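Observations on the model geometry
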Amino acid sequence: MTATSDREVAPVHGSLAVYPGTFDPFTSGHRDLVARARAMFDQVIVLLAVNADKRPTAEATTRAARVRDAIPAAWGNVEVDTWTGLTAAYCLRRGATVIVRGLRTVADLDHEHQLAAMNERLGVQTVWLPSRPELAATSSTVARAYRSAVEDV
């Protein structure tokens, strides 16, 4: 990433980053991280992780379609894909050099540090982006609980 002015950032030429998650649902915080990552990297893949240990509220194809719908058409350097398995393996297959992860709170850091260390051993670096303060309180878990409460009313 190179600075082109006091406030503007130009992406690293030829860079490909992967932003993984279950995105159940895809929140405004997720969208904000994609917006910021796309300014830093030439291309960003929003990778919908299929994780058997989690019980999503919708199938992967449905969640991927929802993510695609939330990404503005003008964001031509962003694509959405799905993957079952290690994110680092996907990155190596696609030639991505960076995994982008969001940090909402300090409590996220320990878990994210362990993931980053494992991914680095597998040959992929991790970049952490802190959530904007106004978006940090909203997690997918909170969004699902809210949606469920609204549906019950």
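Here's a quick rundown of the structure. (Residues numbered from 1 in each chain as written. Predicted model: local features only at pLDDT ≥ 70, side-chain atom pairs only at ≥ 80, totals over all residues. Heavy atoms only, no water.)

**A look at the nonpolar core**
Taken as a class, soluble globular proteins show a tendency for nonpolar side chains to be buried jointly. For clarity, the threshold we go by: The set of buried Ala, Val, Leu, Ile, Met, Phe, Trp, Tyr and Cys residues whose side-chain atoms join them within 4.5 Å is what this entry labels a nonpolar core. Exposure categories follow from relative accessible area, calculated using a 1.4 Å probe and restricted to protein chains: below 20% of the type maximum is buried, above 50% is exposed, and the middle band is partly exposed. Helix and strand definitions follow DSSP, with helices as H or I runs of at least four residues and strands as E runs of at least two, each counted in order from the N terminus.
Within the largest apolar cluster, 22 residues are counted, with the highest numbers of intra-cluster contacts made by Val34, Phe41, Val46, Val67 and Val100. Elements represented by at least two residues in this core include exactly β3 (12-21), α1 (28-40), β4 (41-50), α2 (60-70), β5 (78-84) and β6 (98-103). In terms of nonpolar packing, the next biggest core, distinct from the first, is built from 11 residues, Ile45, Ala88, Ala96 and Ile99 among them.

**Comments concerning the pattern of salt bridges**
In plain terms, the rule: One side-chain nitrogen of Lys or Arg within 4 Å of one carboxyl oxygen of Asp or Glu is enough to make a salt bridge.
Applying the stated criterion across every chain, the model contains 5 salt bridges. With a closest N to O distance of 3.2 Å, glutamate 79 and arginine 94 form a salt bridge. You can see glutamate 79 sitting in strand β5 and its partner arginine 94 sitting in helix α3 (residues 87-94), a full 15 residues away along the chain. The class for glutamate 79 is partly exposed, based on a relative accessible area of 26%. Looking at arginine 94, the relative accessible area reads 32%, which means it is partly exposed. For the salt bridge of aspartate 81 with arginine 94, the shortest nitrogen-to-oxygen distance reads 3.6 Å. With aspartate 81 in strand β5 and arginine 94 in helix α3, the pair connects residues that are 13 residues apart, well separated along the chain. Put simply, Asp32, Arg36 and Arg132 are held in one network by salt bridges that share partners.

**Let's talk about the packing of aromatic side chains**
Note the cut-off: Ring pairs shown here join Phe, Tyr and Trp side chains whose ring centres sit within 6.5 Å, with only the six-membered ring taken for Trp; geometry is labelled stacked below 30 degrees between planes, edge-to-face above 60, and tilted in between.
All told, the structure shown has 3 aromatic pairs when counted by the stated rule. Ring plane angle 65° and centroid distance 5.3 Å describe the contact between tyrosine 19 and phenylalanine 23, whose orientation is recorded as edge-to-face. Judged on exposure class, the residue tyrosine 19 and its partner phenylalanine 23 are both buried. Each member of the aromatic cluster is reached from another via a ring pair, and the members are Tyr19, Phe23 and Phe26.

**A short note on α1**
Formally: The span one expects for a helix is its residue count, reduced by one, times 1.5 Å.
Given a rise of 1.5 Å per residue, 13 residues ought to cover 18 Å, and the 19 Å separating the end C-alpha atoms of α1 matches this to within 8%. Of the residues making up α1, those classed as buried are Gly29, His30, Asp32, Leu33, Val34, Arg36, Ala37 and Met40.

**Some thoughts on the sheet that holds β6**
Test applied: Note on pairing: two strands pair once DSSP finds at least 2 bridges between them. In this analysis, axes come from line fits to C-alpha atoms, helices being fitted only over the stretch in contact, and the angle between any two N-to-C directions falls in the range 0 to 180 degrees. Residue contacts are defined here by distance: any two heavy atoms, one from each residue, within 4.5 Å place the two residues in contact.
Pairing is parallel in the open sheet, where 5 strands are placed in the order β5-β4-β3-β6-β7. The open sheet terminates on both sides in strands that have one partner only, identified here as β5 and β7 (125-130). Within the sheet, the average angular offset between the axes of one strand and its neighbour, ignoring direction, is 35°. Of the pairings in the sheet, the one linking β3 to β4 comprises 7 bridges and is parallel in character. What sits directly across from proline 20, in β4, is leucine 47. Against the sheet, α2 makes contact with β4 and β5, and its axis sits at roughly 150° relative to β4, the strand it touches most.

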